[in-house]
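Residues per chain are reported as follows:
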Amino acid sequence: MPVQWHALCLGLFASIIAPFGGFFASGFKRAFKIKDFGDSIPGHGGITDRMDCQMVMAVFAYIYHQSFVVAQNLPAEMILEQILINLTLEEQQALFVKLGQIIDEKMTAQS
């Protein structure tokens with residue numbers, strides 16, 4: 001996937017979903033009757049008050065990176081096994097027939 005699509009996904013999440021991290025932190029503070037998470041920045045709360053959206057974004061970015069960017073080194077047997085688990089017997093037979101046809105075509109193309 002081109003880097004522009006990854007940037008689009010991260011940008012959309014950052015602009016639409018991540019601000020809810022601030023709302024969650026605000027609700028958490030109200031529930032416990034806390035004005036600020038700290039006093040390192042006078043009048044603005046602590047570092048946590050400045051970083052609540054970034055924490056949500058960091059979790060999303062990590063999961064997104066591990067799921068869609070990092071190459072998965074899964075053996076073909078494991079992938080095929082996961083596919084077959086969810087197929088009916090008829091669908092499995094159709095898959096094997098199609099794979100056989102593909103292999104036959106490649107064998108005839110090589111000779």
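Higher on the page you've got the structure.
Reading the values: the criteria
- Residues numbered from 1 in each chain as written.
- Predicted model: local features only at pLDDT ≥ 70, side-chain atom pairs only at ≥ 80, totals over all residues.
- Heavy atoms only, no water.
- Helix = DSSP H or I, 4+ residues; strand = E, 2+ residues; numbered from the N terminus.
- Buried < 20%, exposed > 50% of the residue type's maximum accessible area, 1.4 Å probe, protein only.
- Contact = heavy atoms within 4.5 Å.
- Areas by Shrake-Rupley, 256 points an atom, 1.4 Å probe, with all protein chains shown as cover.
- Axes fitted to C-alpha atoms, helices over the stretch in contact; angles between N-to-C directions.
- Parallel < 35°, antiparallel > 145°, perpendicular 65-115°, else oblique.
- Nonpolar A, V, L, I, M, F, W, Y, C, P; charged D, E, K, R; others polar.
- Phe/Tyr/Trp six-rings, centres within 6.5 Å; stacked < 30°, edge-to-face > 60°.
- Polar contact = N/O pair within 3.5 Å; in protein donor to acceptor, adjacent residues only side chain to side chain.

Draft legend 1. Geometry of the overall build of the protein. Of regular secondary structure, the protein possesses 5 helices and 0 strands. Listing each helix as α and each strand as β along the protein from the N terminus yields α-α-α-α-α. Sorting the 111 residues of the protein into buried and exposed places 14% on the buried side. Residue pairs in contact within the protein that sit at least 24 positions apart in sequence constitute 45% of those at least 6 positions apart. Accessible area of the protein: about 9,000 Å², with a carbon and sulfur share of 68%.

Draft legend 2. Structural context of the packing of helix α4 (residues 76–85) against helix α5 (residues 89–110). Relative to each other, α4 and α5 sit at 140°, their axes nearing to 9 Å. By the criterion of interaxial angle, the relationship of α4 to α5 is oblique. Contacts between α4 and α5 involve Leu-80, Ile-83 and Leu-84 on the former and, on the latter, Gln-92, Leu-95 and Phe-96. Of the residues in the contact of α4 with α5, the class split is 5 nonpolar, 1 polar and no charged.

Draft legend 3. Quick peek at the packing of aromatic side chains. Scanning the entire structure with this criterion turns up 3 aromatic pairs. Taking 5.1 Å as the distance between ring centres and 50° as the angle between the ring planes, the aromatic pair formed by Tyr-64 and Phe-68 counts as tilted. Note that Tyr-64 and Phe-68 are positioned in helix α3 (residues 47–69) at a spacing of 4 residues, about one turn of the helix. Since its relative accessible area comes to 54%, Phe-68 is described here as exposed.

Draft legend 4. Focus on the environment of His-65. The topology assignment puts His-65 in helix α3. On the basis of relative accessibility, which here comes to 36%, the residue His-65 falls in the partly exposed class. Between the C-alpha atom of His-65 and that of His-6, which follows or precedes it by 59 residues, the distance is 9.1 Å.

Draft legend 5. Structural detail: the environment of Gly-11. The topology assignment puts Gly-11 in helix α1 (residues 3–16). C-alpha of Gly-11 to C-alpha of Met-57: the two residues are 46 residues apart in sequence and 9.9 Å apart in space.

Draft legend 6. Fine view of the side chain of His-6. Tracing the sequence through the fold places His-6 in helix α1. Reaching out from His-6, the side chain makes a polar contact with the side chain of Tyr-64 at a distance of 2.7 Å.

Draft legend 7. Up close: the side chain of Gln-92. Within the element layout of this structure, Gln-92 appears in helix α5. At a separation of 3.3 Å, a polar atom in the side chain of Gln-92 contacts the main-chain carbonyl oxygen of Leu-87. When near neighbours in sequence (up to four residues on either side) are disregarded, Gln-92 contacts Leu-84 and Leu-87.

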